[in-house]
Amino acid sequence: MNRLIDFFLNTILIEYDNKNSKRILLVIGAMFFTFNIVEAQEEVVADEMEDAFQPISIGGHLKNMHTWHGFVVHPGAVLATNIEYNSKNKKFTFGFWGGASFSTVDVKNINTGENESAYYKEVSIYTKYRFSDKFFIEAVSHNNYTGVEERGDKLEYWSYDKTQGYNFVDFNFGYNLTPNTLLYFATIIGGGSGDYEVQDNGDLKNSWTHYFEVSSKVWKNQNASLSLFAGGAWSFITDKTFYTEGAGNIINVGATYNKQFSVFKHNIPVDVTLMWNPEQEKTVIQLDVTLF
């Protein structure tokens, strides 16, 4: 911009004489005015881009049940929310995910032997780093403390005692083989939340369970899509895994249909997932409505 101003000034000064001084001064003034407007507009655009960056985001989902890796975590209606931070370059994410149910499940009190009603409660922590559009790593601390106090245990949110059965960490890798196909590999660290095998001498041997899933979007149009997925679990350390009672097995097979519904000029994504766990001989349909 400054070089452009110097060019115009030099051109005008060559033409300068007393007779036309007033006219030239008016032209110079008009030029400075124009250049200042352009610079001001550029600064406004830069400021608008800076203001457009939103590091904190929130989300809310309403579900008829909550499933995860072939498990039915809670069989009743759940409200799930999250709050997360995303870096400006969109590579780093850190957030909290939580869920609470509208219905209860029965848990057995270890002191009285009686069944107690407990609502589903979870507050998990997650972080992700995207090396590229294809590859990311992720770590999740799962903290599902449903029924802990109802069964007679002491609630300790930051405790990762493997025998407590509600806190564990997994470390995951994701790779987009194609824009529509994701390979996902997860490993439960240590023996958290019962991921261990009891030895003959009573020792607890950590399983370090692995989970691998392939999901692929096989059809889509302007406002809907269909994805297929299949996942299995195994351990190189023990026969028992976190997901299975015996050796490794296919535990999560199904399809997800996504459709965008327009409600009061807002798009509401809705997912319907048909899930089958061959080992548990369990089949369910999960409805997931994205509220915001």
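Residues numbered from 1 in each chain as written. Predicted model: local features only at pLDDT ≥ 70, side-chain atom pairs only at ≥ 80, totals over all residues. Heavy atoms only, no water.

**Quick notes on the overall build of the protein chain**
Argument step 1. Helix and strand counts for the protein chain stand at two helices and 16 strands.
Argument step 2. The buried share of the protein chain, reckoned over its 292 residues, is 34%.
Argument step 3. For the protein chain, restricting intrachain contacts to residue pairs at least 6 apart in sequence, the fraction spanning at least 24 positions comes to 50%.
Argument step 4. Of the roughly 17900 Å² of accessible surface on the protein chain, 59% is carried by carbon and sulfur atoms. (Helix = DSSP H or I, 4+ residues; strand = E, 2+ residues; numbered from the N terminus. Buried < 20%, exposed > 50% of the residue type's maximum accessible area, 1.4 Å probe, protein only. Contact = heavy atoms within 4.5 Å. Areas by Shrake-Rupley, 256 points an atom, 1.4 Å probe, with all protein chains shown as cover.)

**A closer look at unusual backbone geometry**
Argument step 1. Although it is not a glycine, Lys90 adopts a positive phi angle of roughly 65 degrees.
Argument step 2. Its place among the elements puts Lys90 in the loop between strand E4 (78–86) and strand E5 (92–108).
Argument step 3. For Glu281, which is not glycine, the phi torsion reads 50 degrees and is therefore positive.
Argument step 4. Within the fold, Glu281 resides in the loop between strand E15 (266–277) and strand E16 (282–290).

**Some thoughts on the pattern of salt bridges**
Argument step 1. Inspection of the entire model under this criterion finds one salt bridge.
Argument step 2. Put simply, Asp153 and Arg151 hold a salt bridge, and the shortest N to O gap is 2.6 Å. (Salt bridge = Lys/Arg side-chain N within 4 Å of Asp/Glu carboxyl O.)

**Notes on the pairing of E4**
Argument step 1. Burial along E4 is one-sided: Val78, Ala80, Asn82, Glu84 and Asn86 are buried, while Leu79, Thr81, Ile83 and Tyr85, pointing the other way, are not.
Argument step 2. Here strand E1 (residues 56–63) pairs with E4 via eight bridges, running antiparallel. Following the sheet pairing, Gly60 is matched in E4 by Thr81.
Argument step 3. Alignment of E4 against E5, held across nine bridges, turns out to be antiparallel. Within the sheet, the bridge partner assigned to Val78 lies in E5 and is Ser101. (Pairing = 2+ DSSP bridges.)

**Describing the environment of Phe242**
Argument step 1. Of note, Phe242 is situated in the loop between strand E13 (224–234) and strand E14 (249–263).
Argument step 2. As a C-alpha pair, Phe242 and Asn206 span 36 residues in sequence and 9.9 Å in three-dimensional space.
Argument step 3. With sequence-adjacent residues up to four places away left out, Phe242 is seen in contact with Trp68, Phe71, Phe168, Ile188, Gly192, Ser193, Asp195 and Thr209.

**Focus: the side chain of Thr256**
Argument step 1. Turning to its location among the elements, Thr256 is positioned in strand E14.
Argument step 2. Looking at Thr256, its side chain comes within polar contact range of the side chain of Thr273, at 2.9 Å.
Argument step 3. If sequence neighbours within four positions are ignored, Thr256 has contacts with Ser225, Leu226, Ser227, Phe229, Asp271, Val272 and Thr273. (Polar contact = N/O pair within 3.5 Å; in protein donor to acceptor, adjacent residues only side chain to side chain.)

**A short note on the environment of Pro179**
Argument step 1. Tracing the backbone through its elements, the reader meets Pro179 in the loop between strand E8 (167–178) and strand E9 (181–188).
Argument step 2. Exposure remark for Pro179: the relative accessible area of 81% places this residue in the exposed category.
Argument step 3. Through-space distance from the C-alpha of Pro179 to that of Lys217 is 8.9 Å; in sequence the pair is 38 residues apart.

**Let's talk about the pairing of E9**
Argument step 1. Relative to E9, E8 runs antiparallel, the two being bridged by eight bridges. Note on E9: the bridge partner recorded for Asn176 is Leu182.
Argument step 2. Between the antiparallel neighbours E8 and E9 lie two residues.
Argument step 3. Direction of pairing for E9 relative to strand E12 (residues 210–220): antiparallel, over a ladder of seven bridges. In the sheet register, Leu182 faces E12, and the bridge partner there is Ser215.

**Concerning the confidence of the model for the protein chain**
Argument step 1. For the protein chain, the average pLDDT comes to 88, and 83% of its residues sit at 70 or higher.
Argument step 2. Confidence over residues 11–19 falls short of pLDDT 50; this stretch has eight contacts with residues more than four positions distant or in other chains. (pLDDT = per-residue confidence, 0-100.)

**Here's the deal with the sheet that holds E16**
Argument step 1. Sheet architecture is closed into a barrel: twelve strands sit in the order E1-E4-E5-E6-E7-E8-E9-E12-E13-E14-E15-E16, paired in antiparallel fashion. Here the average twist between neighbouring strands, direction ignored, is 20 degrees. (Axes fitted to C-alpha atoms, helices over the stretch in contact; angles between N-to-C directions.)

**A short note on the packing of aromatic side chains**
Argument step 1. What the rule picks out here adds up to 19 aromatic pairs.
Argument step 2. Between the aromatic rings of Phe171 and Phe173, the centroid separation amounts to 5.2 Å while the plane-to-plane angle is 90 degrees, which identifies the pairing as edge-to-face.
Argument step 3. A residue is classified by how much of its surface remains accessible, and Phe173, at 32% relative accessible area, is partly exposed.
Argument step 4. A ring pair is formed by Tyr211 and Tyr243, whose centres lie 5.5 Å apart and whose planes are at 40 degrees; its orientation type is tilted. Placement of Tyr211 in strand E12 and of Tyr243 in the loop between E13 and E14 is noted, with a sequence separation of 32 residues between them.
Argument step 5. Judged by relative accessible area, Tyr211 falls into the buried class, the value being 0%.
Argument step 6. Overall, the relative accessible area of 4% leaves Tyr243 in the buried class. (Phe/Tyr/Trp six-rings, centres within 6.5 Å; stacked < 30°, edge-to-face > 60°.)

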